[in-house]
Amino acid sequence: MITLEGIVLKERSVGEQDKFVDVLTREKGIVEIAVKGAKRLSGRSGSSTQLFAYSRFCINLRREQFYLDSCEPIRIFYGLREELSRISLASYFADVLKYAINEDEDCGEVLRLMLNSLHFLEKGLRPEAMLKSIFELRLMSEIGFMPDIMGCQACGEPEPEELFFCLSDGGYFCTGCFGGDASDNYYKVRMPVLQAIRYIVLADWDRLFSFRVTDSVQKRLSAVSEAYLKTHLERGFKTLDFYKSVSGT
Ligand SMILES: [Zn+2]
(Lines give C-alpha, C1' and ligand atoms only; values in the text may rest on other atoms or scores of the structure.)
Protein backbone atom coordinates (compact mmCIF):
# COMPACT_ATOMS: atom_id res chain seq x y z
CA MET A 1 0.00 0.00 0.00
CA ILE A 2 1.20 3.51 -0.88
CA THR A 3 0.00 6.77 0.67
CA LEU A 4 0.03 9.89 -1.49
CA GLU A 5 -1.22 13.42 -0.90
CA GLY A 6 -2.60 15.28 -3.86
CA ILE A 7 -5.33 17.24 -5.53
CA VAL A 8 -7.89 15.80 -7.94
CA LEU A 9 -7.52 17.49 -11.34
CA LYS A 10 -10.01 15.43 -13.31
CA GLU A 11 -12.63 12.72 -12.78
CA ARG A 12 -14.15 10.41 -15.39
CA SER A 13 -17.01 7.99 -14.80
CA VAL A 14 -16.57 4.41 -15.96
CA GLY A 15 -19.68 2.28 -16.19
CA GLU A 16 -22.37 2.58 -13.56
CA GLN A 17 -20.31 2.57 -10.41
CA ASP A 18 -16.66 3.33 -11.00
CA LYS A 19 -14.50 6.28 -11.90
CA PHE A 20 -10.95 7.29 -12.62
CA VAL A 21 -9.39 10.35 -11.05
CA ASP A 22 -6.22 12.13 -12.15
CA VAL A 23 -4.39 13.39 -9.10
CA LEU A 24 -1.46 15.80 -8.88
CA THR A 25 0.70 14.39 -6.10
CA ARG A 26 3.74 15.77 -4.35
CA GLU A 27 5.87 12.66 -4.86
CA LYS A 28 4.79 11.12 -8.16
CA GLY A 29 3.52 13.90 -10.38
CA ILE A 30 0.17 13.07 -11.94
CA VAL A 31 -1.21 9.62 -11.21
CA GLU A 32 -4.41 8.00 -12.39
CA ILE A 33 -6.33 6.21 -9.65
CA ALA A 34 -9.24 3.83 -10.25
CA VAL A 35 -12.04 4.34 -7.73
CA LYS A 36 -14.21 1.24 -7.52
CA GLY A 37 -17.79 1.79 -6.41
CA ALA A 38 -17.33 5.55 -6.53
CA LYS A 39 -21.07 6.16 -6.75
CA ARG A 40 -21.60 4.37 -3.44
CA LEU A 41 -18.94 6.35 -1.59
CA SER A 42 -20.51 8.90 0.67
CA GLY A 43 -19.41 11.35 3.31
CA ARG A 44 -15.70 11.98 3.69
CA SER A 45 -14.57 9.28 1.24
CA GLY A 46 -16.99 10.57 -1.39
CA SER A 47 -15.95 14.20 -1.11
CA SER A 48 -12.24 13.36 -1.04
CA THR A 49 -12.26 11.98 -4.60
CA GLN A 50 -14.21 14.91 -6.09
CA LEU A 51 -12.74 17.42 -8.49
CA PHE A 52 -10.38 19.85 -6.66
CA ALA A 53 -10.38 17.85 -3.43
CA TYR A 54 -6.98 17.85 -1.74
CA SER A 55 -6.79 14.49 -0.01
CA ARG A 56 -4.65 11.72 1.37
CA PHE A 57 -5.03 8.63 -0.81
CA CYS A 58 -4.13 5.08 0.24
CA ILE A 59 -3.67 3.14 -2.99
CA ASN A 60 -2.64 -0.28 -4.25
CA LEU A 61 -0.74 -0.97 -7.45
CA ARG A 62 -2.04 -3.91 -9.48
CA ARG A 63 -1.10 -4.60 -13.10
CA GLU A 64 0.35 -1.09 -13.51
CA GLN A 65 -2.86 0.57 -12.35
CA PHE A 66 -3.40 2.35 -9.05
CA TYR A 67 -6.58 1.39 -7.18
CA LEU A 68 -8.02 3.39 -4.32
CA ASP A 69 -8.15 1.60 -1.02
CA SER A 70 -9.21 4.49 1.21
CA CYS A 71 -8.90 8.24 1.39
CA GLU A 72 -9.55 11.19 3.61
CA PRO A 73 -9.97 14.85 2.70
CA ILE A 74 -7.39 17.41 3.80
CA ARG A 75 -9.01 20.44 2.18
CA ILE A 76 -12.10 20.72 0.01
CA PHE A 77 -12.33 23.99 -1.89
CA TYR A 78 -16.10 24.32 -1.62
CA GLY A 79 -16.08 28.05 -2.38
CA LEU A 80 -14.85 27.45 -5.95
CA ARG A 81 -18.34 26.33 -6.94
CA GLU A 82 -19.98 29.51 -5.71
CA GLU A 83 -19.02 31.44 -8.83
CA LEU A 84 -18.76 30.24 -12.40
CA SER A 85 -15.66 32.31 -13.09
CA ARG A 86 -13.84 30.75 -10.11
CA ILE A 87 -14.55 27.16 -11.07
CA SER A 88 -13.70 27.98 -14.70
CA LEU A 89 -10.34 29.45 -13.77
CA ALA A 90 -9.60 26.47 -11.50
CA SER A 91 -10.47 24.17 -14.42
CA TYR A 92 -8.00 26.01 -16.64
CA PHE A 93 -5.28 25.58 -13.98
CA ALA A 94 -6.09 21.86 -13.77
CA ASP A 95 -6.00 21.49 -17.54
CA VAL A 96 -2.60 23.16 -17.79
CA LEU A 97 -1.16 20.94 -15.06
CA LYS A 98 -2.52 17.79 -16.68
CA TYR A 99 -0.76 18.74 -19.87
CA ALA A 100 2.48 20.12 -18.43
CA ILE A 101 3.27 17.64 -15.63
CA ASN A 102 4.48 14.10 -16.16
CA GLU A 103 4.28 10.98 -14.08
CA ASP A 104 6.99 10.35 -11.50
CA GLU A 105 8.11 13.95 -11.22
CA ASP A 106 8.70 15.57 -7.86
CA CYS A 107 5.91 18.15 -7.80
CA GLY A 108 6.12 19.67 -4.33
CA GLU A 109 6.46 23.23 -5.59
CA VAL A 110 3.86 22.88 -8.32
CA LEU A 111 1.37 21.35 -5.90
CA ARG A 112 2.03 24.21 -3.51
CA LEU A 113 1.38 26.73 -6.28
CA MET A 114 -1.93 25.06 -7.15
CA LEU A 115 -3.09 24.82 -3.53
CA ASN A 116 -2.17 28.44 -2.79
CA SER A 117 -3.83 29.66 -5.98
CA LEU A 118 -7.04 27.77 -5.18
CA HIS A 119 -7.02 29.06 -1.61
CA PHE A 120 -6.97 32.70 -2.73
CA LEU A 121 -9.38 32.00 -5.58
CA GLU A 122 -11.90 30.17 -3.40
CA LYS A 123 -12.00 32.91 -0.79
CA GLY A 124 -12.01 35.73 -3.33
CA LEU A 125 -8.96 37.18 -1.57
CA ARG A 126 -7.14 38.33 -4.71
CA PRO A 127 -8.26 39.54 -8.15
CA GLU A 128 -8.68 36.59 -10.50
CA ALA A 129 -6.50 38.23 -13.14
CA MET A 130 -3.64 38.46 -10.66
CA LEU A 131 -4.01 34.82 -9.60
CA LYS A 132 -4.02 33.75 -13.24
CA SER A 133 -0.80 35.64 -13.98
CA ILE A 134 0.91 34.30 -10.86
CA PHE A 135 -0.10 30.75 -11.74
CA GLU A 136 0.99 31.02 -15.36
CA LEU A 137 4.38 32.65 -14.80
CA ARG A 138 5.35 30.81 -11.63
CA LEU A 139 4.36 27.45 -13.09
CA MET A 140 6.46 28.09 -16.18
CA SER A 141 9.41 28.98 -13.92
CA GLU A 142 8.95 25.85 -11.81
CA ILE A 143 8.90 23.53 -14.83
CA GLY A 144 12.00 24.86 -16.53
CA PHE A 145 10.93 27.98 -18.42
CA MET A 146 12.05 30.67 -16.01
CA PRO A 147 12.28 33.98 -17.84
CA ASP A 148 15.69 35.66 -17.85
CA ILE A 149 14.66 39.11 -16.67
CA MET A 150 17.61 40.57 -14.76
CA GLY A 151 18.88 42.85 -17.49
CA CYS A 152 18.67 43.88 -21.15
CA GLN A 153 20.19 41.12 -23.25
CA ALA A 154 22.44 43.60 -25.08
CA CYS A 155 23.47 46.30 -22.55
CA GLY A 156 22.42 44.73 -19.25
CA GLU A 157 20.20 47.67 -18.22
CA PRO A 158 18.16 46.35 -15.27
CA GLU A 159 15.56 49.11 -15.11
CA PRO A 160 14.66 50.41 -18.55
CA GLU A 161 11.59 52.61 -18.71
CA GLU A 162 10.29 50.60 -21.64
CA LEU A 163 11.37 47.26 -23.01
CA PHE A 164 10.59 44.48 -25.43
CA PHE A 165 9.93 41.17 -23.67
CA CYS A 166 10.63 38.13 -25.82
CA LEU A 167 8.12 35.28 -25.38
CA SER A 168 10.22 32.52 -26.88
CA ASP A 169 13.40 33.03 -24.84
CA GLY A 170 11.99 34.95 -21.85
CA GLY A 171 14.58 37.72 -22.07
CA TYR A 172 14.22 41.39 -22.98
CA PHE A 173 15.84 44.26 -24.82
CA CYS A 174 15.59 47.89 -23.74
CA THR A 175 14.14 50.21 -26.40
CA GLY A 176 17.62 51.54 -27.25
CA CYS A 177 18.98 48.08 -28.03
CA PHE A 178 15.92 46.51 -29.62
CA GLY A 179 16.69 46.05 -33.28
CA GLY A 180 13.89 43.77 -34.44
CA ASP A 181 10.34 44.56 -35.37
CA ALA A 182 7.63 44.21 -32.74
CA SER A 183 6.32 40.88 -33.97
CA ASP A 184 4.03 38.55 -32.00
CA ASN A 185 7.11 37.20 -30.27
CA TYR A 186 7.87 40.53 -28.55
CA TYR A 187 5.68 42.40 -26.10
CA LYS A 188 6.41 46.05 -25.54
CA VAL A 189 5.91 46.71 -21.83
CA ARG A 190 6.84 49.33 -19.27
CA MET A 191 8.98 48.88 -16.17
CA PRO A 192 6.11 48.14 -13.70
CA VAL A 193 5.13 45.08 -15.77
CA LEU A 194 8.73 43.82 -15.70
CA GLN A 195 8.81 44.37 -11.93
CA ALA A 196 5.65 42.30 -11.51
CA ILE A 197 7.11 39.49 -13.64
CA ARG A 198 10.29 39.54 -11.54
CA TYR A 199 8.28 39.45 -8.36
CA ILE A 200 6.19 36.46 -9.45
CA VAL A 201 9.19 34.52 -10.64
CA LEU A 202 11.48 35.24 -7.68
CA ALA A 203 9.33 35.87 -4.58
CA ASP A 204 9.41 33.50 -1.61
CA TRP A 205 6.26 31.44 -1.16
CA ASP A 206 5.04 33.38 1.85
CA ARG A 207 5.18 36.66 -0.11
CA LEU A 208 4.21 35.47 -3.57
CA PHE A 209 0.58 36.54 -3.38
CA SER A 210 1.26 39.85 -1.62
CA PHE A 211 1.89 42.39 -4.34
CA ARG A 212 -0.33 45.01 -5.91
CA VAL A 213 -0.41 46.45 -9.41
CA THR A 214 -2.63 49.02 -11.08
CA ASP A 215 -5.38 47.85 -13.45
CA SER A 216 -3.46 48.94 -16.52
CA VAL A 217 -0.31 47.09 -15.41
CA GLN A 218 -2.39 43.99 -14.63
CA LYS A 219 -3.95 44.12 -18.09
CA ARG A 220 -0.55 44.08 -19.77
CA LEU A 221 0.79 41.50 -17.31
CA SER A 222 -2.18 39.24 -18.09
CA ALA A 223 -1.47 39.41 -21.80
CA VAL A 224 2.21 38.62 -21.29
CA SER A 225 1.76 35.76 -18.79
CA GLU A 226 -0.88 34.05 -20.89
CA ALA A 227 1.12 34.40 -24.10
CA TYR A 228 4.27 33.18 -22.35
CA LEU A 229 2.57 30.00 -21.17
CA LYS A 230 0.97 29.39 -24.57
CA THR A 231 4.29 29.88 -26.35
CA HIS A 232 6.16 27.40 -24.17
CA LEU A 233 3.46 24.73 -23.96
CA GLU A 234 2.81 25.27 -27.69
CA ARG A 235 -0.95 25.12 -27.41
CA GLY A 236 -4.09 26.86 -26.19
CA PHE A 237 -6.74 25.51 -23.80
CA LYS A 238 -10.51 25.34 -24.27
CA THR A 239 -10.93 25.86 -20.54
CA LEU A 240 -9.08 29.16 -20.94
CA ASP A 241 -11.38 30.26 -23.74
CA PHE A 242 -14.33 29.35 -21.54
CA TYR A 243 -12.93 31.23 -18.55
CA LYS A 244 -12.41 34.30 -20.70
CA SER A 245 -15.96 34.13 -22.03
CA VAL A 246 -17.52 33.94 -18.53
CA SER A 247 -15.20 36.49 -16.92
CA GLY A 248 -15.44 38.93 -19.83
CA THR A 249 -11.67 39.27 -20.12
ZN1 LIG B 1 19.78 47.58 -23.75
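Note that this is a predicted model, so its numbers are computed, not measured. (Residues numbered from 1 in each chain as written. Predicted model: local features only at pLDDT ≥ 70, side-chain atom pairs only at ≥ 80, totals over all residues.)

### So, the domain arrangement of the protein chain
The domains assigned to the protein chain are domain 1 (2-76) and domain 2 (83-147 + 183-247). The C-alpha-based centres of domain 1 and domain 2 are spaced at 26 Å. Each partner contributes to the interface: domain 1 provides 15 residues, whereas domain 2 provides 16 residues. The element that contributes the greatest number of residues to the side of domain 1 that touches domain 2 is strand β1 (residues 2-14), accounting for four residues. Split into classes, the residues belonging to the side of domain 1 that touches domain 2 amount to seven nonpolar, three polar and five charged. (Domains from an automatic or database assignment. Contact = placed C-beta atoms within 7 Å. Helix = DSSP H or I, 4+ residues; strand = E, 2+ residues; numbered from the N terminus. Nonpolar A, V, L, I, M, F, W, Y, C, P; charged D, E, K, R; others polar.)

### Here we look at the nonpolar core
Membership of the largest hydrophobic core comes to 64 residues, with the highest contact counts inside it found for I7, V23, L24, I33, F93, L97 and M114. Here this core gets eight residues from one element, more than from any other, and that element is helix α2 (residues 84-100). Both of domain 1 (2-76) and domain 2 (83-147 + 183-247) provide at least three residues apiece to this core. (Core = buried A, V, L, I, M, F, W, Y, C linked by C-beta atoms within 7 Å. Buried ≥ 20, exposed ≤ 12 C-beta atoms within 10 Å, placed from the backbone.)

### Considering the sheet that holds strand β7 (residues 172-174)
Spatially, β7-β6-β8 is the arrangement adopted by the three strands of the open sheet, whose pairing is antiparallel. Edge strands, defined here as strands with exactly one partner in the open sheet, are β7 and β8 (186-190). Sheet twist, expressed as the mean angle between neighbouring strand axes with direction ignored, is 25°. Both strand β6 (residues 162-166) and β8 contribute to a ladder of five bridges, which runs antiparallel. Its bridge partner lying in β8, E162 is registered against R190. Packed on one face of the sheet, helix α5 (residues 191-202) meets β6 and β8 and runs near 105° to β8. (Pairing = 2+ DSSP bridges. Axes fitted to C-alpha atoms, helices over the stretch in contact; angles between N-to-C directions.)

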